[in-house]
Amino acid sequence: SLPTTINIREPRWDQSTFQGRAKHFFMVTDPRNLLLSGATLEEARRVVEDYRAGTVHPGLTEDQLWRAKYIYDSAFHPDTGEKMILVGRMSAQVPMNMTITGCMLTFYRTTPAVLFWQWVNQSFNAIVNYTNRSGDAPITPSQLGTAYVSATTGAVVTALGLKSLTKHLPAIIGRYVPFAAVAAANCINIPLMRQRELKLGIPVTDENGNRLGESTAAAQKAIFQVVVSRIGMAAPAMAIPPVIMNVLEKRAFLKRYPYLNAPLQVGLVGLCLVFATPLCCALFPQKSSMPVSSLEPEVQDQIRKKDPWVETVYFNKGL
């Protein structure tokens, strides 16, 4: 019989090392998780929740338990336990981003195309940012709508402004406008979609998961780490393919078959994202931490009243 002492609230691999985090996120971002049926997801949820409650299903092996845990993690929010929107899950990052980014890099020459694909990209990012937010506090439809409009408008204006600045520069520079726009837009989109966390804070816990309060300082650190990870995630996919495509477009092959431009671009982006997505998610631990002394004074007082011996708090940074 499988013991009930395996800690499946934490990832299978050591999260204090980059290698351990990378193995974890290669599982979480695996696009094959999108193909799992609703029945498979519910069965994984049942296995995980029963095991946490101390009930071991007959014949369950450790590998099957960890498989159920990663299926569960790929589809259910770590704080709320709700099933996440399909396109907002991290397992959708590679197929969705390779399509959108490939098209952004292919159709970058005209203003309408830039406008359309930046809007599509930031709409997708808004869904991902909302789906993978930290904390369990609900967001009202009006807050969500305001954040979405602000974030997408800021991103599109940034892209168009950068495009106008590169009109008289070499073509290869123009190819990097989408990346510069995406990097700038991430700095706008993520904080706006998670503005409630910046105003009211996110839950912080002790090492055993006991909730100690809500901190805006923790929210600021979490959002900063996510912005860095997202920019890093986009960098290889938006920096390497333009160089390759700039060379290929001068060859006779693509001049003869120009319709292959977009599929080639999408394929190159997809190849980069398969590795960049989990590796950049692994830059920082999902369960981040900070000293109590770095929190707001009122939160420090609140924590010391509850447990004066706590020196470090932990929080879900989101993705």
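Residues numbered from 1 in each chain as written. Predicted model: local features only at pLDDT ≥ 70, side-chain atom pairs only at ≥ 80, totals over all residues. Heavy atoms only, no water.

Let us now look at the packing of aromatic side chains. For any pair of aromatic rings, the description consists of the separation of the ring centres together with the inter-plane angle of the planes. All chains considered together, the criterion is met by four aromatic pairs. For the ring pair Tyr72 and Phe76, a centre distance of 5.0 Å and an interplane angle of 20° mean the geometry is stacked. Here Tyr72 and Phe76 have matching classes, each one buried. Look at Phe116 and Trp117: their rings are 5.0 Å apart centre to centre, the planes differ by 80°, and that puts the pair in the edge-to-face class. What links up through ring pairs into an aromatic cluster is the set Phe116, Trp117 and Trp119. For Lys287, the ring lying beneath its charged end belongs to Tyr314, and the centroid distance is 5.1 Å. (Phe/Tyr/Trp six-rings, centres within 6.5 Å; stacked < 30°, edge-to-face > 60°. Buried < 20%, exposed > 50% of the residue type's maximum accessible area, 1.4 Å probe, protein only. Lys NZ or Arg CZ within 6 Å of the ring centre and 35° of its normal.)

So, about the nonpolar core. The biggest cluster of nonpolar side chains holds 26 residues, and the ones touching the most others in it are Leu2, Ile6, Ile8, Phe25, Tyr51, Leu65 and Cys281. Elements with a minimum of two residues in this core: helix H1 (18-28), helix H2 (38-52), helix H3 (62-75) and helix H12 (261-281). The greatest single-element share of this core, amounting to seven residues, is contributed by H3. Two domains each provide a minimum of three residues to this core, namely domain 1 (18-83) and domain 2 (90-316). If sequence neighbours within four positions are ignored, Leu65 has contacts with Leu2, Ile6, Ile8, Val47, Tyr51 and Leu60. Within the second largest apolar cluster, 16 residues are counted, among which are Cys103, Phe124, Val128 and Val269. (Core = buried A, V, L, I, M, F, W, Y, C linked by side-chain atoms within 4.5 Å. Helix = DSSP H or I, 4+ residues; strand = E, 2+ residues; numbered from the N terminus. Domains from an automatic or database assignment. Contact = heavy atoms within 4.5 Å.)

So, on to the domain arrangement of the protein. Examined at the domain level, the protein breaks down into domain 1 (18-83) and domain 2 (90-316). Between the C-alpha centres of domain 1 and domain 2 the distance comes to 25 Å. Taken together, the contacts link 16 residues of domain 1 with 23 residues of domain 2. Overall, the association of domain 1 and domain 2 removes approximately 1,600 Å² of surface from exposure, summing both partners, and the carbon and sulfur fraction of that is 67%. Linking domain 1 with domain 2 are zero salt bridges. The tally of links between domain 1 and domain 2 comes to two residue pairs in polar contact (both at pLDDT 80 or more). At six residues, H1 tops the list of elements feeding residues into the side of domain 1 that touches domain 2. A per-class count over the side of domain 1 that touches domain 2 returns eight nonpolar, five polar and three charged. (Buried area = accessible area lost by both parts, 1.4 Å probe. Salt bridge = Lys/Arg side-chain N within 4 Å of Asp/Glu carboxyl O. Polar contact = N/O pair within 3.5 Å; in protein donor to acceptor, adjacent residues only side chain to side chain. Nonpolar A, V, L, I, M, F, W, Y, C, P; charged D, E, K, R; others polar.)

The N-to-C vectors of helix H5 (residues 111-131) and helix H6 (residues 141-165) enclose an angle of 145°; their axes lie 9 Å apart at closest approach. Judged by the sense of rotation from one axis to the other, the crossing of H5 with H6 is right-handed. Residues Thr111, Val114, Leu115, Gln118, Trp119, Gln122, Ser123, Ala126 and Tyr130 of H5 lie in contact with H6, whose contacting residues are Leu144, Tyr148, Thr152, Ala155, Val156, Ala159, Leu160 and Lys163. (Axes fitted to C-alpha atoms, helices over the stretch in contact; angles between N-to-C directions. Left-handed = near helix turned anticlockwise from the far one by under 90°.)

This next bit is on the pattern of salt bridges. All told, the structure shown has nine salt bridges when counted by the stated rule. The salt bridge partner of Glu10 is Lys287, with a shortest N-O separation of 3.0 Å. Taken together, the residues span a long stretch of sequence, with Glu10 in the segment before H1 and Lys287 in strand E3 (residues 287-291) at a distance of 277 residues. Classification of Glu10 by relative accessible area gives partly exposed; the value is 27%. Where Lys83 meets Glu42, a salt bridge forms, and the shortest distance between an N and an O atom there is 3.8 Å.

All right, on to H12 then. Helix length check: H12 (21 residues) gives 29 Å between terminal C-alpha atoms against 30 Å at 1.5 Å per residue, within 8%. At Leu273, H12 is deflected by roughly 35°, the largest bend along its length. (Expected span 1.5 Å × (residues − 1). Bend = angle between axes of the 7 residues up to and from the residue.)

Tracing the sequence through the fold places Gln15 in the segment before H1. Accessibility expressed as a relative area gives 16% for Gln15, which makes it buried. At a separation of 3.3 Å, a polar atom in the side chain of Gln15 contacts the main-chain carbonyl oxygen of Gly20.

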